[in-house]
Amino acid sequence: MLIRTRKRHHIGEHQVTPESVYLARRHFMAGVAGLGMAAALPRSVWASSHYDDVEKGRQPDWLASRLDNTHWQAVTAGENDKLTPFNDASHYNNFFEFGTSKDDPYKHAGDMTTEPWTIEIDGEVARPGTLDVDQLLGEQQLEERIYRLRCVEAWSMVIPWLGVPLSEIIKRAEPTSDAKFVRFQTLVRPEEMPGQRSRFALIDWPYQEGLRMDEAMHPLTILSVGMYGRVLPNQNGAPVRLVVPWKYGFKSIKSIVRISLVKEQPPTAWPTINANEYGFYSNVNPDVDHPRWSQARERRLPNSLFSTNMIDTQMFNGYEDEVASLYKGMDLRTYF
Amino acid sequence: MRLWRCTVFVAALLPFLWWAWQVAAGQAGPEPGQYLLLNFGQCALILLLLTLSLTPLMKLTRWKGFALIRRQLGLWTFSYGVLHLTSYLLFILGLDFSALGADLQRRPYIIVGFAALVMLLALAVTSNRYSMKRLGKRWKFLHRLVYIALALVLLHFFWVVRADMGQWSAYALAGVVLMLLRIPVISRALGRIRPRHGRVASTHRSR
């Protein structure tokens, strides 16, 4: 039954333009024609018309200069995957540096300074270095990737990210043959992060995540710098975060300050706290339950008091055709 | 005193009205059921701690007002507990009782919370004057169940914590202090501490 669902779904992912997008584009074209200024308008207006209910936020130079040349909708989600409203995606977050409630991140993340920002790339690479966001993105074209986001807590959203393939960034650093894993670290700045000031925090800061080299180099894996045609809100991991759509959300580490290529599998935040409940791989898998709840289904948000909006969770979050080969021969119950 | 009771009544009702309004106004986020569940649960715990603080407060201040609202706060605790359970059944389980068994197996803390609520139910139905009279001495014994309920509620909460123990620790500390104040020696000592002007007055009389 799962296979049938996936196949039908997969056709949608590559061939169907959602009606809302189609209509929005028509609406925009009609508007442009009416105003008679089509030539004067930059491509980025496409995004602002598409996401016209989205709070604009600040627009750093490194983003403004790239929006015109962005590949919009480079990857789309399935036909049933309606975009989550921006307001929900930016007001319901897990970002434990800012507190444990879902609304803590948007309440407190505004205090985080994201400019200037640097990302250190080090470890098993021929060209280590410290880059700002502009240098990190380099010549790489920004792409919009509409991905399903499945949280380990059994809820999910659909989010249009702006980013670049992580593989391109890693290639530029020229990893050595000893580079077997990639380790990521989040900013540590207790004065701007109340969760890091708590004496009762169970996470050993910095928040740390990791991917196997082939996972990091996979074309679906991106470093994201924006969403909904705009810069990332701080609570969503500004200015640079990882997005790995076939893994539970906590793998997609936020506000990255360091990317290290390493020989050994790095210790990561959640398995360190509780190895029985969280594994290094943490691939979305409806057949392997969290000890405290089922992972077979998920609540697609937003939901309401009248409906939990439950849908079946798909193997690898619906990206099985693309990523299953990475795990060939592995027992996914052991390596969960 | 009537005004005092009414004030407490309104104050205890306000959180419910506020959260209900937030949900109605779309201010409760993308998962309103979860929002209500967590808020009702936390409110029930706070009310339970407040209820248990009334006796020590009365001993300390000799103000009868604290005793007058004890039953009311106890009933409010129970009410928010019921709202918490109802939120779980309606908004999380979606009344899909076929999934209840599996859920209870994975989340034993639901059973622990439910046990606490059953105890509070027993206290709520025997909170009237008639039951007090009928049960006599046994009434007091029965109502000591509230201490066990508190322990269960704290355990229930402990089980859910994932990333930070701060909030839980604060509630647990409050619970421990309230229990310590019930140890006979401490409780008697508490009764001897009087407001300063009271002590001055009595010294005067003894002269």
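Going by an unreviewed UniProt entry, chain B carries the name Protein-methionine-sulfoxide reductase heme-binding subunit MsrQ and comes from Kushneria avicenniae. Recorded under Sequence similarities (unreviewed entry), the UniProt text for chain B is reproduced unchanged: "Belongs to the MsrQ family."

Per an unreviewed UniProt entry, chain A goes by Protein-methionine-sulfoxide reductase catalytic subunit MsrP and derives from Kushneria avicenniae. UniProt, in the comment section headed Subunit (unreviewed entry), describes chain A in these words: "Heterodimer of a catalytic subunit (MsrP) and a heme-binding subunit (MsrQ)." Looking at chain A in UniProt, the text filed under Sequence similarities (unreviewed entry) is "Belongs to the MsrP family."

In this structure, F184, L223, L242, W246 and W270 of chain A are the most contacted members of the largest nonpolar core, which totals 87 residues. Per element, the largest residue contribution to this core is six residues, and it comes from strand β5 (residues 155-165) of chain A. Ignoring any residue separated from it by four or fewer positions in sequence, one finds W270 of chain A in contact with F96, I203, Y207, F250 and Y278 of chain A together with R162 and A163 of chain B. Judged by nonpolar contacts, the second largest core, of 25 residues, contains L120, A124, V153 and L178 of chain B.

So, about the packing of helix α9 (residues 145-158) of chain B against helix α10 (residues 166-180) of chain B. Between two packed helices, both the angle of their axes relative to each other and the distance between the axes serve to describe the pair. Residues and elements named next belong to chain B. One way to put it is that α9 packs onto α10 with a least axis distance of 10 Å and a crossing angle of 165°. Here α10 runs roughly antiparallel to α9, going by the angle between their axes. Every pair of crossing elements has a handedness; the one defined by α9 and α10 is left-handed. Here α9 contributes Y147, L150, L154, F157 and F158 to the contact with α10, which in turn contributes Q167, W168, Y171, A172, G175 and M179. Grouping the amino acids of the contact of α9 with α10 by side-chain chemistry returns nine nonpolar, two polar and no charged.

To continue, consider the sheet that holds strand β7 (residues 208-212) of chain A. Residue and element names in this part refer to chain A. One open sheet holds the five strands; their spatial order is β3-β2-β11-β6-β7, and the pairing between them is mixed. The sheet is open, and its two borders are formed by β3 (129-132) and β7, each paired with just one other strand. Strand-to-strand twist in this sheet, taken as the mean axis angle between neighbours without regard to direction, amounts to 20°. Judged from the six bridges that link them, strand β6 (residues 181-186) and strand β11 (residues 256-262) form a sheet pairing that is antiparallel. Looking at the pairing, F181 lines up with V262 of β11.

It is worth spelling out the pairing of β11 of chain A at this point. Residues and elements named next belong to chain A. Burial analysis of β11 places five of its seven residues in the buried class, which makes it a mostly covered element. Where strand β2 (residues 118-123) meets β11, four bridges bridge the pair, whose relative direction is parallel. Looking across to β11, one finds that D122 is bridged to S260.

Once that is clear, we can look at the UniProt feature "binding site: Mo-molybdopterin" (unreviewed entry) in chain A. All names here are of chain A. Within this structure's numbering, the places UniProt gives as "binding site: Mo-molybdopterin" (unreviewed entry) are N93, C151, T186, N236, R241, S252, I253 and K254. As for the annotated residues named above, the ones lining the largest cavity are N93, C151, T186, N236, R241, S252, I253 and K254. As for its position among the elements, N236 is in the loop between β9 (230-231) and β10 (241-243). Take N236: its relative accessible area is 2%, and that puts it in the buried class. When neighbours within four sequence positions are excluded, N236 is seen to be in contact with A89, S90, N93, M227, R241 and K254. Structurally, K254 is set in the loop between β10 and β11. For K254, the contacting residues outside a window of four places in its chain are N93, N94, F95, T186, Q235, N236, G237, V240 and R241. Here the side chain of K254 touches N94 through a polar contact of 2.9 Å, landing on its backbone oxygen.

Residue and element names in this part refer to chain B. A contiguous patch of positive charge, built from R2, R5, R71, R129 and K133, is present on the exposed surface. Looking at the positive patch, the elements that each hand over two or more residues are α1 (2-24) and α7 (129-135). Residue position: R71 is located in helix α4 (residues 70-92).

Take the packing of helix α2 (residues 32-61) of chain B against α10 of chain B next. All names here are of chain B. Put simply, α2 and α10 touch, their axes get as near as 10 Å, and they point 25° apart. By the angle between their directions, the pair α2 and α10 is classed as roughly parallel. Read as a crossing pair, α2 and α10 show a hand that is left-handed. Mapping the contact onto sequence places Q42, L45, I46, L49, L52, S53 and P56 in α2 and Q167, Y171, A174, G175, L178 and M179 in α10. Of the residues that constitute the contact of α2 with α10, the class distribution is nine nonpolar, four polar and no charged.

What counts, and where the lines are drawn
For every chain, the first residue of the written sequence is number 1, and numbering continues from 1 onward in sequence order. Labels are handed out in written order, letters beginning with A for the chains and numbers beginning with 1 for the ligands. Reporting of local features is limited, given that this is a predicted model, to residues whose pLDDT is at least 70; pairs of side-chain atoms are given and counted only at 80 or more, and all residues count toward the totals for whole chains, interfaces and linings. For the side-chain quantities, the full set of heavy atoms in the structure was used; hydrogens and water were omitted. UniProt positions are given in the numbering used here, feature names are shortened, and annotations may be inferred rather than shown by experiment. For our purposes a nonpolar core is just a set of buried Ala, Val, Leu, Ile, Met, Phe, Trp, Tyr and Cys residues, chained together by side-chain atoms within 4.5 Å. A 1.4 Å probe rolled over the protein chains alone gives each residue an accessible area, and that area as a share of the maximum for its type sets the label: buried under 20%, exposed over 50%, partly exposed in between. Only DSSP runs of H or I reaching four residues or more are called helices, and only runs of E reaching two or more are called strands; each is numbered from the N terminus. By definition, residues are in contact when any of their heavy atoms lie within 4.5 Å. Where helices are involved, their axes are fitted lines through C-alpha atoms of the stretch in contact, as for all axes, and angles between N-to-C directions lie from 0 to 180°. We call two directions roughly parallel when the angle between them is under 35 degrees, roughly antiparallel when it is over 145, roughly perpendicular when it lies between 65 and 115, and oblique otherwise. The handedness criterion is simple: a crossing whose near helix is rotated anticlockwise from the far helix by less than a right angle is left-handed, and one whose near helix is rotated clockwise is right-handed. Under the scheme applied here, ten amino acids are nonpolar (Ala, Val, Leu, Ile, Met, Phe, Trp, Tyr, Cys and Pro), four are charged (Asp, Glu, Lys and Arg), and all others, including Gly, are polar. Whether two strands pair comes down to DSSP finding at least two bridges between them. Using only the protein atoms, space was sampled on a 1 Å grid; points where a 1.4 Å probe fits but cannot get out form cavities, open sets with protein on both sides within 12 Å along at least five of seven lines form pockets, and lining residues are those with an atom within 4 Å of a point. As used in this structure description, the phrase polar contact means that two N or O atoms lie within 3.5 Å; if the pair is within protein, one of them must be able to donate a hydrogen and the other to accept it, and residues adjacent in sequence are counted only when both atoms belong to side chains. Only residues whose relative accessible area exceeds 30% and that form no salt bridge are eligible for patches; like-charged ones are grouped when within 9 Å, while nonpolar side chains (Val, Leu, Ile, Met, Phe, Trp, Tyr) are grouped when within 5 Å. A 1.4 Å probe and the Shrake-Rupley method give the accessible areas. Residues count as covered only by the protein chains that appear here. The salt bridge definition used is simple: a Lys or Arg side-chain nitrogen within 4 Å of an Asp or Glu carboxyl oxygen. Here Asp and Glu are counted as negative and Lys and Arg as positive; His is not counted, and neither are the chain ends. By convention, charge coordinates are those of NZ in Lys, CZ in Arg, CG in Asp, or CD in Glu.

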